[in-house]
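Residues per chain, in single letters:
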Amino acid sequence: MTAQPILSVEGFSKQFELHEQNKLIPSSSDVDFNVYAGKLTALIGPTGAGKSSVLKGIFRTYLPSSGRIHYHCANGLVMDLARCDEHQILALRQTEIGFVTQFLHALPRQATEDVVAQPLFQRGMDREQARQKAREVLDKLTIPERLWGVPPATFSGGEKQRVNLARGLIAKPRLLLLDEPTASLDPKTTDVVVEMIQEMKLEGTAMLAIFHHPELVERLADNVVTLTPPTIDTAKEVA
Amino acid sequence: MTAMRQAKAVYPFGFLDEYAKKEVRRTVLKAIAIPGYQVPYSSREMPMGRGFGTGGLQLTLSLIGSNDTLKVIDQGSDDSVNAVNLRSFIEMTCEGINTTDVTDEADLIQSRHRIPEKPLREDQLIILQVPYPDPLVVVEPSEDKRKVMHGEADYSRLLVKLYEDIVQFDEITISHRYPTRINHHYIIDPSPIPRWDVPKLHQSKALILLGAGREKKIYAVPPYTDAEPLAFDDVPFRVENFIDQHGKRRACDRCGDTTSFLDEFTSSDGNKVYQCSDSDWCREQLQKKGA
Amino acid sequence: MEKILEVNKLTKVFGKGCPNCFDKTGPELDTNVCPDCGSVVAAHELSFDLYKGEILGIMGESGSGKSTVVKNLFFDQEPTSGHAIFYDDDKQYDLFSLNAAQKRHLRNHRFGMVYQNPHLGLNFGISSGGNIAERLLMNDLRHYKEIRERARELLERTEVLTNRMDELPGNFSGGMQQRVQIAKALAINPPLLFLDEVTTGLDLSVQAKILDLILEIQQEMNTAMIVVTHDLGVVRLLAGRTIVMKYGRIIESGLTDQILEDPQHAYTQRLVASAL
């Protein structure tokens, strides 16, 4: 590959120090890979291989224990996401890096269309304009119109997941992290999501994803990175 | 009267001892130097209850000289009980002074609740008796905090009072003691004069001194000083207009004048009667008519 | 991104203090009361910064000193030592060395505060509209109709029924009083707003509405905010970054989701574990 990666992860490890149990729990160790604009890199491996930890480490929801995460910003600068200032991370989250997780966190009582429009609100877009965009994405993801004005708290797992996806996709980030975005979707909706992801790839979005189904990896991934779980005996007592 | 004649022998000119008078004079100088600022002083015990004009009285006794002419009024009248009593006390304790009812003839005027209608001159001095010197007392109970507010000219809470007034009554309903800003900083309680008299504070030729005996404060509006009643840009300060139900300015039932502040009485037959509040003004108007 | 506030080694001790106060208190010693002199160390060398339009959460249990921070910054208390620089457009102010008039100027013109107890933020003797008018009058607005119009707009914005604007705040529910307080704080469009446990004690549904309102305001006006709370849910929903405090010390600070999902300090781990 000749293109410059948008993200390159080198020697990434994450371990948790649990003070209460006095234990170090390893989650990922020595992970290396690149992510390119317009391409999707899939992380695969058994449960416990630390796939989610890698995504959260890149998003800085987890503090990486070691390694470098070089991100090439839109303005040409290269930042190490493992170390850079929290304000820089916040700025990148607002404009360049998106994350669709398996769980939906939203303000209670907030209408679904407002939940989805949040990233646009945060960028200071006119609220009505942002809502209009949210409705378009919700429509695309086949969320029935009668649910748009209702908070998603009472939605089914699949509906919540689609709301979460809608929120992640609406912002059109340069780098999108996807953690099992289709886990609880039916085949028809999964097809819609696949189509949307392919569209975003064409628009140049770089993606790093964990998929529940190997079939999706086949359909969407340009590169595949296999992670192996850290061996149990690396879990050690804190000295 | 016997007791008072004896008093003449015992007490010095002006009843107060020289130290007390000096202190009041110093306080007056400070009050003039900081227009509108309430200067504390050690208000002396007087042979009358506090609240009966002892603040004004101490100012008069400290400032009057034996060749001065004094006028004492209460609500515009020279003949009301409070005015008569104060006048005779000052006459008895200040040997040689003259007294008068005529505004023009007075060097020094002690007054409760009114400023004479006749514009005062540079060579005249008016002393107003004050029951409550601090306009902020209605919004802030702590004197410490009030002092800070005055110092920082923080009067927004007073303006809120006006705002609430307009919300409730569509106009500013303060009839007496109208908060007035002196020389663009301190806001004073100008004593219970009606709104009618407030504009007379502005650029007054005469020195205006205000004395609160019970509250132990003296403050001043020096001659040619700005005095602006608090108001909103779109709800300006207004004086009483004395318009009757036909839209006509009421006249004094006695002298017929239509330019003075009127008192309202109910006569023995139950009718409303209007008369000049300033009795000397009324007398002068009658005199002019007779001439 | 521009800095709006920089706090450096803010320290507040209640009591006469002694040379041992700081060595003998703190999270490790499980107390903020100095055993030698009985002084309370409410804050010890707290340093942090805040950017324009950012919401910073300060989280801790009662006695952690979290409210002390905003009370010192809003001049309700005076710090024992430390500095805080407020960057206001082209000016900057060293907050703790200002005179009374300068402090009052910033309080009235540049800062807003919403207290847990509405009695601290509102004057219950005057109408809700009057409370907002006061803040506008402090800013030298002297036009009655304009003041009234602006007060009505603000109450509408915070979803207080404007036909009740001439009622006393005492007639309102707790949630409504907080809305009036927020409207009052916002009256002058402050670039910096302090929120001290603003949703504590309110019904859950009311809490959600208030949090939503705060977020909307931050997005609309780009107001920088410090949100003090003991509630993990509040920082999760509002704050981009969070500081965790205990016994007057900063235990840890970081991105809010990192604090909640990957807390580093034993105390934060316990706090998060017991809340989720």
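Residues numbered from 1 in each chain as written. Chains lettered and ligands numbered in written order. Predicted model: local features only at pLDDT ≥ 70, side-chain atom pairs only at ≥ 80, totals over all residues. Heavy atoms only, no water.

Enquirer: Would you take a moment to explain the sheet that holds strand S8 (residues 207–212) of chain B for this structure?
Expert: Paired through backbone hydrogen bonds, the strands of a sheet run either parallel or antiparallel to each other. All names here are of chain B. Spatially, 7 strands are ordered S1-S9-S8-S5-S4-S2-S3 in an open sheet, and the strand pairing comes out mixed. What marks the edges here is a single partner per strand, and that holds for strand S1 (39–40) and strand S3 (98–99). Relative to strand S9 (residues 217–221), S8 runs antiparallel, the two sharing 5 bridges. By the bridge assignment, leucine 209 is partnered in S9 with alanine 220. (Pairing = 2+ DSSP bridges. Helix = DSSP H or I, 4+ residues; strand = E, 2+ residues; numbered from the N terminus.)

Enquirer: Sorry if this is basic, but what is going on with the domain arrangement of chain B here?
Expert: Residue and element names in this part refer to chain B. Under the domain assignment, chain B is made up of domain 1 (2–138 + 150–229) and domain 2 (241–291). Just the C-alpha atoms count here: the centres of domain 1 and domain 2 sit 26 Å apart. Contacts between the two partners involve 14 residues from domain 1 and, on the opposite side, 13 residues from domain 2. With both sides pooled, the region where domain 1 packs onto domain 2 buries about 1000 Å², and carbon together with sulfur makes up 50% of that total. For the pair domain 1 and domain 2, the number of links is 1 salt bridge. In this structure, glutamate 284 engages lysine 118 in a salt bridge whose closest nitrogen and oxygen atoms are separated by 2.8 Å. Linking domain 1 to domain 2 there are 8 residue pairs in polar contact (both at pLDDT 80 or more). Of the residues contributing to the side of domain 1 that touches domain 2, the split by class is 4 nonpolar, 4 polar and 6 charged. (Domains from an automatic or database assignment. Contact = heavy atoms within 4.5 Å. Buried area = accessible area lost by both parts, 1.4 Å probe. Salt bridge = Lys/Arg side-chain N within 4 Å of Asp/Glu carboxyl O. Polar contact = N/O pair within 3.5 Å; in protein donor to acceptor, adjacent residues only side chain to side chain. Nonpolar A, V, L, I, M, F, W, Y, C, P; charged D, E, K, R; others polar.)

Enquirer: What is the right way to look at the interface of chain C and chain A in this model?
Expert: The extent of an interface is frequently quoted as the accessible surface area lost upon association of the parts. Facing the 28 residues of chain C at the interface are 28 residues of chain A. For the pair chain C and chain A, the two sides together bury roughly 2400 Å², of which 57% comes from carbon and sulfur. If you look at where chain C meets chain A, you find 12 residue pairs in polar contact (both at pLDDT 80 or more). Listing elements by their share of the side of chain C that touches chain A, those giving two or more residues are strand S2 (40–51), helix H7 (204–221), helix H8 (232–238), strand S10 (249–255), helix H9 (256–261) and helix H10 (266–275) of chain C. Ranked by residues supplied to the side of chain C that touches chain A, first place goes to H7(C) with 8 residues. Across the side of chain C that touches chain A, the residue classes tally to 8 nonpolar, 9 polar and 11 charged.

Enquirer: Can you help me understand the packing of aromatic side chains in this one?
Expert: Aromatic ring pairs are reported here in terms of the distance separating the ring centres and the angle at which the planes meet. The final tally for this structure, using the stated rule, is 15 aromatic pairs over all chains. On the basis of an interplanar angle of 75° and a centroid distance of 4.8 Å, the ring pair of B:Tyr178 and B:Phe237 is categorised as edge-to-face. Residue B:Tyr178 is found in the loop between helix H6 (156–169) and strand S6 (180–182), and its partner B:Phe237 is found in the loop between strand S10 (227–229) and strand S11 (262–266); the two are separated by 59 residues along the sequence. Each member of the pair, B:Tyr178 as well as B:Phe237, carries the same accessibility label: buried. Considering the side-chain rings of B:Phe242 and B:Phe261, the 5.2 Å spacing of their centres and the 80° angle between planes classify their relative orientation as edge-to-face. Here B:Phe242 is found in the loop between S10 and S11, whereas its partner B:Phe261 is found in the loop between S10 and S11, with 19 residues between them in sequence. When sorted by exposure, B:Phe242 lands in the same class as B:Phe261, which is buried. Aromatic rings pair up to connect C:Phe74, C:Phe75, C:Phe86, C:Tyr93, C:Phe111 and C:Phe194 into one cluster. Above the plane of the ring of A:Phe16 lies A:Lys14, whose end atom (NZ or CZ) is 4.8 Å from the centre. (Phe/Tyr/Trp six-rings, centres within 6.5 Å; stacked < 30°, edge-to-face > 60°. Buried < 20%, exposed > 50% of the residue type's maximum accessible area, 1.4 Å probe, protein only. Lys NZ or Arg CZ within 6 Å of the ring centre and 35° of its normal.)

Enquirer: I keep staring at the nonpolar core and nothing clicks. Help me out?
Expert: Nonpolar side chains in soluble globular proteins tend to be buried together. Counting residues in each nonpolar core, the largest one holds 118 residues, and the members touching the most others are B:Leu61, B:Ile90 and B:Phe232. For this core, the leading source of residues is H6(B), giving 7 residues. By size, the runner-up hydrophobic cluster in this structure holds 37 residues, among which are A:Leu147, A:Val163, A:Ala166 and A:Leu220. (Core = buried A, V, L, I, M, F, W, Y, C linked by side-chain atoms within 4.5 Å.)

Enquirer: Mind showing me how you'd approach the interface of chain C and chain B here?
Expert: Every contact between the two is made by 19 residues of chain C and, on the other side, 16 residues of chain B. Summing both partners gives a buried area of about 1600 Å² for chain C against chain B, and 61% of it is carried by carbon and sulfur. Three residues stand out in chain C for area buried against chain B, namely C:Arg104, C:Arg142 and C:Tyr144, and they jointly supply 44% of the buried area on that side. Applying the counting rule to chain C against chain B returns 2 salt bridges. Put simply, C:Arg104 and B:Asp154 hold a salt bridge, and the shortest N to O gap is 3.4 Å. Counting the contacts that link chain C with chain B gives 8 residue pairs in polar contact (both at pLDDT 80 or more). Elements with a minimum of two residues in the side of chain C that touches chain B: helix H2 (100–109), helix H4 (128–138) and helix H5 (144–157) of chain C. A breakdown of the residues in the side of chain C that touches chain B according to their chemical character gives 9 nonpolar, 4 polar and 6 charged.

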